[in-house]
Amino acid sequence: MKTNAIDLQAKLASFEGHWQPRTVSEFNGHDVMVVKVQGEYSWHSHPESDDFFLVLKGELHLDIEGQPTVKLMPGQLHVVPRGVRHRPRAAQEAHLLLIEPTGMPNSGDAATAAPRRVI
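I will try to describe carefully the structure that is included in this document. (Residues numbered from 1 in each chain as written. Predicted model: local features only at pLDDT ≥ 70, side-chain atom pairs only at ≥ 80, totals over all residues. Heavy atoms only, no water.)

1. Describing the environment of Lys-11
Mapped onto the fold, Lys-11 is located in helix 1 (residues 8-13). Separated by 12 residues in sequence, Lys-11 and Thr-23 place their C-alpha atoms 9.5 Å apart. Not counting residues within four places of it along the chain, the set of residues in contact with Lys-11 comprises Ile-6, Val-24, Val-34 and Ile-119. (Helix = DSSP H or I, 4+ residues; strand = E, 2+ residues; numbered from the N terminus. Contact = heavy atoms within 4.5 Å.)

2. Some details on the pattern of salt bridges
With the rule as written, the count across this model stands at five salt bridges. Arg-89 serves as the salt-bridge partner of Asp-63, at 2.6 Å between the closest nitrogen and oxygen. One end of the pair, Asp-63, is in strand 4 (residues 60-64); the other, Arg-89, is in strand 7 (residues 86-101), and 26 residues separate them in sequence. Overall, the relative accessible area of 25% leaves Arg-89 in the partly exposed class. (Salt bridge = Lys/Arg side-chain N within 4 Å of Asp/Glu carboxyl O. Buried < 20%, exposed > 50% of the residue type's maximum accessible area, 1.4 Å probe, protein only.)

3. Quick notes on the side chain of Thr-23
In this fold, Thr-23 is placed in strand 1 (residues 22-27). Here Asp-31 takes part through its side chain, which lies 3.4 Å from a polar atom of the side chain of Thr-23. (Polar contact = N/O pair within 3.5 Å; in protein donor to acceptor, adjacent residues only side chain to side chain.)

4. Overview of the packing of aromatic side chains
Think of a pair of aromatic rings as described by two things: how far the centres are apart, and how the planes are tilted against each other in angle. Enumeration over the complete set of coordinates arrives at one aromatic pair. With 5.0 Å between their ring centres and 35° between their planes, Trp-19 and Tyr-41 make a pair best called tilted. Highlighted residues: Trp-19 in the loop between helix 1 and strand 1 and Tyr-41 in the loop between strand 2 (30-40) and strand 3 (51-57), separated in sequence by 22 residues. Using a relative accessible area of 17% as the deciding quantity, one classes Trp-19 as buried. For Tyr-41, a relative accessible area of 15% gives the class buried. Above the plane of the ring of Phe-15 lies Arg-22, whose end atom (NZ or CZ) is 4.1 Å from the centre. Taking the ring centre of Phe-15 as reference, the NZ or CZ of Lys-36 above it sits at 5.0 Å. (Phe/Tyr/Trp six-rings, centres within 6.5 Å; stacked < 30°, edge-to-face > 60°. Lys NZ or Arg CZ within 6 Å of the ring centre and 35° of its normal.)

5. Points about the nonpolar core
Residues Val-37, Phe-53, Leu-60, Leu-62, Leu-72, Leu-96 and Leu-98 are the most contacted members of the largest nonpolar core, which totals 17 residues. In terms of residue count, strand 7 provides more of this core than any other element does, four residues in total. Excluding anything up to four places from it in sequence, Leu-62 contacts Phe-53, Pro-68, Thr-69, Val-70, Leu-72, His-78, Val-80, Arg-87 and Pro-88. Residues Leu-12, Phe-52, Leu-54 and Leu-97 belong to the second largest nonpolar core, which totals eight residues. (Core = buried A, V, L, I, M, F, W, Y, C linked by side-chain atoms within 4.5 Å.)

Given below as structure tokens:
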């Protein structure tokens, strides 16, 4: 059992690259991940799970099919319901905390997903 605090800033400082989530912990069968994002991600959905986004730094826009864009600032979160097509985007680099079931492809499709990385 781990008893040390997880320093999210240090974890984010330990890697480069965008749209490549890193697992920093596990919680009840879910990966707790950090990711750096910039630009637009592809439109996608997760047919079997909701998609959790918490902004740690920067600004994130979530384009959601058939709904107004959700703008998130640091300390704000949004959960996209399962099966809903969405596209995250950030004009400038943003840092996020994500929670997803372990093994869930970040793109909703294993063929296009970033590989699971644990740091």
